[in-house]
Amino acid sequence: MAKPKLPLESSFHLKASVDKKSEPFGIVIFGASGDLTHRKLMPALYDLYHAKLLPEEFFIVGSARTRWNDRIFRERVLGILKEKGKPDPALQRKFVEHIYYRAAEYSDPDSLRSLGALMKELNAKHNSRENVVFYFATPSDIYCDLIQKLARVGMVSRKKSGEPWIHAVFEKPFGRDSASARKLNKIILSVLDETQVYRIDHYLGKETVQNVLMFRFANIIFESLWSNRYIDHVQITASETLGVEHRAGYFDHSGILRDMFQNHMFQLVTLIAMEPPAKFEAKEYHDEKLKVAKAIRPIPKNKMRQFISLGQYGEGKIDGRKVKAYRQEKGVPPHSKTETFAAMKVLIDNPRWKGVPFYLRSGKRLNHPMTEIEIHFKPVANSIFTHLKTDQFPPNILSFRIQPNEGIFLSFEAKFPGPKLELASLHLDFNYKDAFHTQPMGPYERLLLDCIHGDQMLFVREDMVEASWKFITSILNEREKLLPRVFPNYKSGSWGPEEANKIIEQDGRHWHDF
């Protein structure tokens, strides 16, 4: 007897999942008066609480040098939740009853001891079993001194069997180059085990990024095509219409290579190119990504300009509104040579990807805000249709839209209705919101929950940090030679400098503009 076919709506529920119950815990956020805490962390923690994904036994302590108290901090949290339109005001008031604040000088051991004494009180009050997450939402140059002082006053230590857990989350940037990243890793790992360290890259918490693995490894029709036999090239675009906004002080000392390529773009390349792990667990997953990172071909010093193009935005229009040049932004030096755009060609020397270029571009004040991975398949080799030449067949493109409107899209050719033999380019579209009738969990919600559960899958391992910095540092060392003669060299509202087109056009290809 034939097995009845389930409707599409029902098939959504045929999934294997492991529901983990959150243990009681406390979280201490260093840098709690900063923008990240209020824009991302507190709304994410409230969303988890609202979704009943947090236990009732938890507390949150914000800590910074700013002289606030519990009342001020709670009021600010309620204000940002209201501003973001979060639901259920009564639950919000209950949520902030778990929130506290303690001003602290991070260089002062006595100040940290006072924070530790507060944590002991809250552990007893909220029955959190002394499990704790330390979230470092401070500038990275504070990490080393702060983690060492926390160890000296007995607030952090290596993991021991049977004891409450301690997890430490470190925001990007994790260092400025290879040497500083290695030093940072060495100091942190002198105090904690790697299993306690969570280096966060919020791109890895995005639903579409995670779905790349499910799409490849749960669908044999695509994984069998995932190689240089069928793929011509890969394009990854991460564009913003925003300028530097309030981040001028940080960004002008970093630039787009450090801000986007060392972490987000590098992670996306390794995710797309990795081999299937033996099993879907953190160690095996990270091992395969590291193999890709090590196979990325270093760019020869004498060929840098053939592989990389840098840019800085000038005046222009975004959505019909005139905007300033980068050098006119508040906090930016008038003669700054910091790049706000980069395009790059990356080659991977392994059997699966030999000869397949990965073209990456990211920048500020570009034409359209989006992050997308595009797999461009090879064109039809031979046309069997008499009146259609081979070059009339557009290649198939598989797109992973990471933001906005998260989804997956596949372009293909079909016959246009009628007596003539005409091609029509069509798309198969999958949009998360339309398909599942819900918004995907935000990246910070997902990553915070994973950290509480002790799952390091979507965080960045020590050796991957050092591999990515090794590649980017080799470029940073030649950066002066890569700078164009004139900055700015692209208008706000464009797709970047003309020189960036040469990176891909020299190979007979073109950027897919949106």
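Data block above holds the structure.
First, a word on scope: everything that follows refers to the structure included in this document. (Residues numbered from 1 in each chain as written. Predicted model: local features only at pLDDT ≥ 70, side-chain atom pairs only at ≥ 80, totals over all residues. Heavy atoms only, no water.)

Examining the overall build of the protein chain
Put simply, the rule is: Every helix listed is a DSSP run of H or I at least four residues long, and every strand listed is a run of E at least two residues long, numbered separately from the N terminus. This radius of gyration counts C-alpha atoms alone. The globule rule is 2.2 Å times how many residues there are, raised to the power 0.38. The cut-offs for exposure are 20% and 50% of the maximum accessible area for each residue type, with area from a 1.4 Å probe on protein chains only; residues under the lower value are buried, those over the upper are exposed, and the others partly exposed. Throughout, a contact is declared for two residues whenever any of their heavy atoms are within 4.5 Å. Here the accessible surface of atoms and residues is derived via Shrake-Rupley with a 1.4 Å probe, and residues count as covered only by protein chains that are part of the display. Positive charges come from Lys and Arg alone, negative charges from Asp and Glu alone, with His and the N- and C-terminal ends not counted. Charge coordinates come from a single atom per side chain, which is NZ of Lys, CZ of Arg, CG of Asp or CD of Glu.
Counting secondary structure elements, the protein chain contains 18 helices and 17 strands. On C-alpha atoms alone, the protein chain measures out to a radius of gyration of 25 Å, which is about the 24 Å that the 2.2 N^0.38 rule sets for 514 residues. The dimensions of the protein chain, computed from C-alpha atoms along their principal axes, are 80 × 75 × 45 Å. The buried share of the protein chain, reckoned over its 514 residues, is 53%. Intrachain contacts of the protein chain at a sequence separation of at least 6 include 77% that bridge at least 24 residues. Split by element, the accessible area of the protein chain, about 25400 Å² in all, is 53% carbon and sulfur. Mean positive and mean negative side-chain charge positions of the protein chain (76 and 63 charges, respectively) differ by 3 Å.

Details of the sheet that holds strand 8 (residues 308-311)
The condition is simple: At least two DSSP bridges between two strands are required for those strands to pair. Between N-to-C directions, angles span 0 to 180 degrees; the directions come from axes that are lines fitted to C-alpha atoms, helices contributing only their stretch in contact.
In spatial order, the strands read 8-11-12-7-13-14-15-16; together these eight strands make up an open sheet with mixed pairing. Strands with a single pairing partner mark the edges of an open sheet, and in this sheet they are strand 8 and strand 16 (423-431). Across this sheet, the average inter-strand angle for adjacent strands is 15°, counted without regard to direction. As judged from the four bridges shared by strand 14 (residues 397-403) and strand 15 (residues 407-415), these two strands associate in the antiparallel manner. Within strand 15, the position partnered with F400 by the bridge is I408. Contacts from helix 11 (residues 255-273) reach strand 7 (231-239), strand 8, strand 11 (341-346), strand 12 (358-363), strand 13 (370-377) and strand 14 within the one sheet, and its direction differs from that of strand 12 by about 145°.

A look at the environment of K120
Residue position: K120 is located in helix 5 (residues 109-126). For K120, a relative accessible area of 66% corresponds to the exposed category. For the pair K120 and A51, spaced 69 residues apart in sequence, the C-alpha to C-alpha distance is 28 Å.

Observations regarding the packing of aromatic side chains
In plain terms, the rule: The pairing test for Phe, Tyr and Trp rings, Trp by its six-membered ring, is centres within 6.5 Å, and the orientation test on the planes gives stacked under 30 degrees, edge-to-face over 60, and tilted for anything in between. Geometrically, a charge over a ring is one whose NZ (Lys) or CZ (Arg) sits within 6 Å of the ring centre while staying within 35 degrees of the ring normal.
All told, the structure shown has 28 aromatic pairs when counted by the stated rule. Look at F73 and Y101: their rings are 5.3 Å apart centre to centre, the planes differ by 50°, and that puts the pair in the tilted class. One end of the pair, F73, is in helix 3 (residues 70-83); the other, Y101, is in strand 3 (residues 99-103), with 28 residues separating them in the sequence. When its relative accessible area of 0% is taken as the criterion, F73 is described as buried. When the ring of W353 is compared with that of F358, the centres are 5.3 Å apart and the planes differ by 70°; the resulting orientation is edge-to-face. The pair formed by W353 and F358 is uniform in burial state, with each residue classed as buried. Put simply, the rings of F30, Y106, F134, F136, Y143, F170 and F174 pair up and form one aromatic cluster. The ring centre of Y100 lies 5.1 Å from the NZ or CZ of R74, which sits over that ring. In this structure, K345 is placed above the aromatic ring of F307, and the distance from its NZ or CZ to the ring centre is 4.9 Å.

Here we look at the packing of helix 11 against helix 12 (residues 282-295)
In plain terms, the rule: Note that the term roughly parallel is reserved for angles under 35 degrees, roughly antiparallel for angles over 145, roughly perpendicular for angles of 65 to 115, and oblique for everything else. For this classification, the nonpolar set comprises Ala, Val, Leu, Ile, Met, Phe, Trp, Tyr, Cys and Pro, the charged set comprises Asp, Glu, Lys and Arg, and every other residue, Gly included, is treated as polar.
Following both chains from N to C, one finds helix 11 and helix 12 inclined at 105°, their axes separated by 9 Å at the closest point. One way to sum up the angle between helix 11 and helix 12 is to call them roughly perpendicular. From helix 11, F266, Q267, T270, L271 and A273 reach across to helix 12, where they touch Y285, K289, V292 and A293. In terms of residue class, the contact of helix 11 with helix 12 is made up of six nonpolar, two polar and one charged.

Here's the deal with empty space enclosed by the protein
Under the convention used in this document: With a 1 Å grid spanning the protein atoms alone, the term cavity applies to any set of points in which a 1.4 Å probe fits but cannot get out, the term pocket to an open set with protein on both sides within 12 Å along at least five of seven lines, and the term lining residue to any residue with an atom within 4 Å of a point. Grid points are joined across faces, edges and corners, and a volume is the space filled by probe spheres set on the points.
All chains considered together, the criterion is met by three cavities of 30 Å³ or more. Estimated volume of the largest cavity: approximately 140 Å³. In this structure, the largest cavity is lined by 13 residues; those nearest its centre are F174, I200, Q262, N263 and V460. When contributions to the lining of the largest cavity are tallied by element, the ones reaching two or more residues are helix 11 and helix 16 (462-476). Grouping the amino acids of the lining of the largest cavity by side-chain chemistry returns five nonpolar, four polar and four charged. Put simply, the second largest cavity is a space of about 60 Å³. For the second largest cavity, the full set of lining residues is F261, M265, F266, V269, I296, M344, V346, L360, F471 and I472.

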